[in-house]
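Overview (structure and organization)
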Amino acid sequence: MTSLSDWIAATKNTSALKPDDLIDVLSNVNLKQADTPSPTEDAKPAPSSPDSSAPGNKDEEDKPLSVAEKSLLQKIVRRGLIESKQELEIQRKDPHSPLYSVKTFEALHLKPELLKGVYEMGFYAPSKIQETALPTLLADPPHNMIAQSQSGTGKTAAFTLTMLSRVNPSIQEPQVLCLAPTYELAIQIGEVVAKMGKHITDLSVRYAVRGENLERNKKITEQIIIGTPGKVLDWGLKYRFFDLSKIKVFVLDEADVMIATQGHQDFSIRIQKRLPSDCQIMLFSATYDKEVMEFAQDMVPNPLIIKLKREEESLDNIKQHYVMCKNIDEKFEAVSNIYGVVTIGQAMIFCHTRKTAAWLAEKMSKEGLNVGLLSGELTVEQRLSILDRFREGEF
């Protein structure tokens, strides 16, 4: 297996929820507060269980979450925490960089239709990461950036505004490429792009994710492609559905996961090598360890770096608890007890497998709860429909 240091050498050769409203119900949740979350392995199911339909009793064990899945959960849990007490440590590569702060979106001189979309989404003033990064990202000539800020502080909106500002809707071919480590995160980013850019005429988005297939010799005409690395690599290099050399903006979201995960890292580097030399490259993430940051700096030419101090990366307005359970039935009892004693308006419950999620949704529905099932078996349209219903309070 190729080491991270080998990849570094290789790339050198290349030119609004409130905190009190946010309740995370975990399936392997001892009601003992944990100051720092530590991954635990689910206890194996008991040899026999009262509920024979429960998944995992004999023939299935829950698999541990992957790095990408853990990152996605953290992003979803934190996405509503807009206010952050963290101070950004700015590292300037170029002392003449046009980095400054803005206090209004009007000061960014956004297109009127884009500004309208921003306000309709409920954004009335830039967050700290936005007011720090956007003046540089929107400047001409374009600047590359490696940015670190916690989930829920506005990173997605920051790179989405840049993507939408750079795209030319009159040109019917891909100009912006955004990579995410998971199907779910790609869909989430696409929703933000669609809402923020809905007043831009003739703008369209194509998802390059599993389940999305194109006919041979087809050419993509959508201006923005959002997807996962493997699918994008197939579409761009294997099937030639679009020309990577015409991409103007390249975004890597959850960059730490993309770089630290061997398969994603390989695909991302192969894609990056095919981009034009003047393509604007942006890497966004909540965390970067030393080795990943070194790799990122070798991957991105002359980047401006915005990052948090190591000791400031955790949020103090999230409390985490866990309950030790012997088997899946005890997990369901724990979830039921939580619903019985805590007033919960809405909640998202994450399961290790699709089968477990389907079983839990059925059990909760029988208890009279309004539950929606969201899993990888659904199409993009079905997933977006369920997410919209969730936001409207149907679940």
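This is a predicted model, so every value here is computed, not measured. (Residues numbered from 1 in each chain as written. Predicted model: local features only at pLDDT ≥ 70, side-chain atom pairs only at ≥ 80, totals over all residues. Heavy atoms only, no water.)

This part covers helix α7 (residues 229–238). Among the ten residues in α7, seven count as buried, and that is most of the element. Among all positions of α7, only Pro229, Lys231, Val232, Leu233, Trp235, Gly236 and Leu237 are buried. Buried residues along α7 sit against β5 (176–179), β6 (205–208), β7 (224–227), α8 (255–260) and α9 (262–273). Two residues or fewer past α7, Arg240 is found with a positive phi of approximately 55°. (Buried < 20%, exposed > 50% of the residue type's maximum accessible area, 1.4 Å probe, protein only. Helix = DSSP H or I, 4+ residues; strand = E, 2+ residues; numbered from the N terminus. Contact = heavy atoms within 4.5 Å.)

Listed as buried for helix α10 (residues 290–299) are Val292, Met293, Phe295, Ala296 and Met299. Looking down the long axis of α10, one finds its buried residues gathered within 160° of arc, a one-sided arrangement. Measuring from the side-chain oxygen of the N-cap residue of α10 to the backbone nitrogen of Glu291 gives 3.3 Å; that N-cap residue is Asp289. (Arc of directions from axis to C-beta. Polar contact = N/O pair within 3.5 Å; in protein donor to acceptor, adjacent residues only side chain to side chain.)

Turning our attention to the packing of aromatic side chains. Given two aromatic rings, one states the distance between the centres and the angle between the planes to describe the pair. This model, assessed by the stated rule, comprises five aromatic pairs. Each ring, one from Trp235 and one from Phe241, has its centre 6.0 Å from the other, and the planes form 75°; the classification is edge-to-face. For the pair Trp235 and Phe241, one class covers both residues: buried. Residues Tyr239 and Phe241 carry aromatic rings whose centres are separated by 5.4 Å and whose planes lie at 15° to one another, so their mutual orientation is stacked. (Phe/Tyr/Trp six-rings, centres within 6.5 Å; stacked < 30°, edge-to-face > 60°.)

A separate point is the nonpolar core. Within the largest apolar cluster, 44 residues are counted, with the highest numbers of intra-cluster contacts made by Met163 and Ile224. Tallying contributions element by element places helix α6 (residues 183–196) first for this core, with eight residues. Once you skip the residues sitting within four places of it in the chain, Ile224 turns out to touch Met163, Leu164, Val167, Val176, Val193, Leu203, Ser204, Val205 and Arg206. Residues Leu233, Ile269, Leu283 and Ala296 belong to the second largest nonpolar core, which totals 34 residues. (Core = buried A, V, L, I, M, F, W, Y, C linked by side-chain atoms within 4.5 Å.)

Another point: unusual backbone geometry. With an omega of 0°, the peptide bond running from Asp140 to Pro141 counts as cis. In this fold, Pro141 is placed in the loop between α4 (128–137) and β4 (145–148). Although it is not a glycine, His109 adopts a positive phi angle of roughly 60°. Among the secondary structure elements, His109 is positioned in the loop between β3 (88–91) and α3 (112–120). For Asp202, which is not a glycine, the phi torsion comes out positive at approximately 65°.

The next subject is the pairing of β4. Residues of β4 alternate between two faces, with Met145 and Ala147 on one and Ile146 and Gln148 on the opposite face, all of them buried. Here four bridges tie β4 to strand β9 (residues 280–285), and the two strands are oriented parallel to one another. Within β9, the residue paired with Ala147 across the bridge is Phe284. (Pairing = 2+ DSSP bridges.)

By the criterion of burial, β9 is predominantly enclosed, with six of the six residues buried. What you see with β9 is no split at all: Gln280, Met282 and Phe284 on one side and Ile281, Leu283 and Ser285 on the other are buried throughout. Where strand β8 (residues 249–253) lies against β9, five bridges are found, and the strand directions are parallel. Bridging across to β9, Leu252 finds its partner in Leu283.

The next point concerns the packing of α7 against α9. Between α7 and α9, the shortest axis-to-axis distance is 9 Å and the interhelical angle comes to 35°. Two packed elements cross with a definite hand, and for α7 against α9 that hand is left-handed. Together, Pro229, Gly230, Val232, Leu233 and Leu237 of α7 and His264, Phe267, Ser268, Arg270 and Ile271 of α9 make up the contact between the two elements. Each residue belonging to the contact of α7 with α9 can be placed in one class, and the counts come to six nonpolar, three polar and one charged. (Axes fitted to C-alpha atoms, helices over the stretch in contact; angles between N-to-C directions. Left-handed = near helix turned anticlockwise from the far one by under 90°. Nonpolar A, V, L, I, M, F, W, Y, C, P; charged D, E, K, R; others polar.)

Another aspect to go through is the environment of Arg210. Its place among the elements puts Arg210 in the loop between β6 and β7. Judged by its relative accessible area of 41%, Arg210 falls in the partly exposed class. Here the alpha-carbon distance between Arg210 and Gly230, two residues 20 residues apart in the chain, equals 9.2 Å.

Looking now at the pattern of salt bridges. A side chain with one charge may pair with a side chain of the opposite charge, provided their charged atoms come close. Tallied over the entire structure, the rule returns seven salt bridges. In this structure, Lys128 engages Glu131 in a salt bridge whose closest nitrogen and oxygen atoms are separated by 3.7 Å. Here the residue Lys128 and the residue Glu131 both occupy positions in helix α4, the gap between them amounting to three residues, near one helical turn. Judged by relative accessible area, Lys128 falls into the partly exposed class, the value being 45%. For Glu173, the salt bridge identified is with Lys246, shortest N-O distance 3.6 Å. (Salt bridge = Lys/Arg side-chain N within 4 Å of Asp/Glu carboxyl O.)

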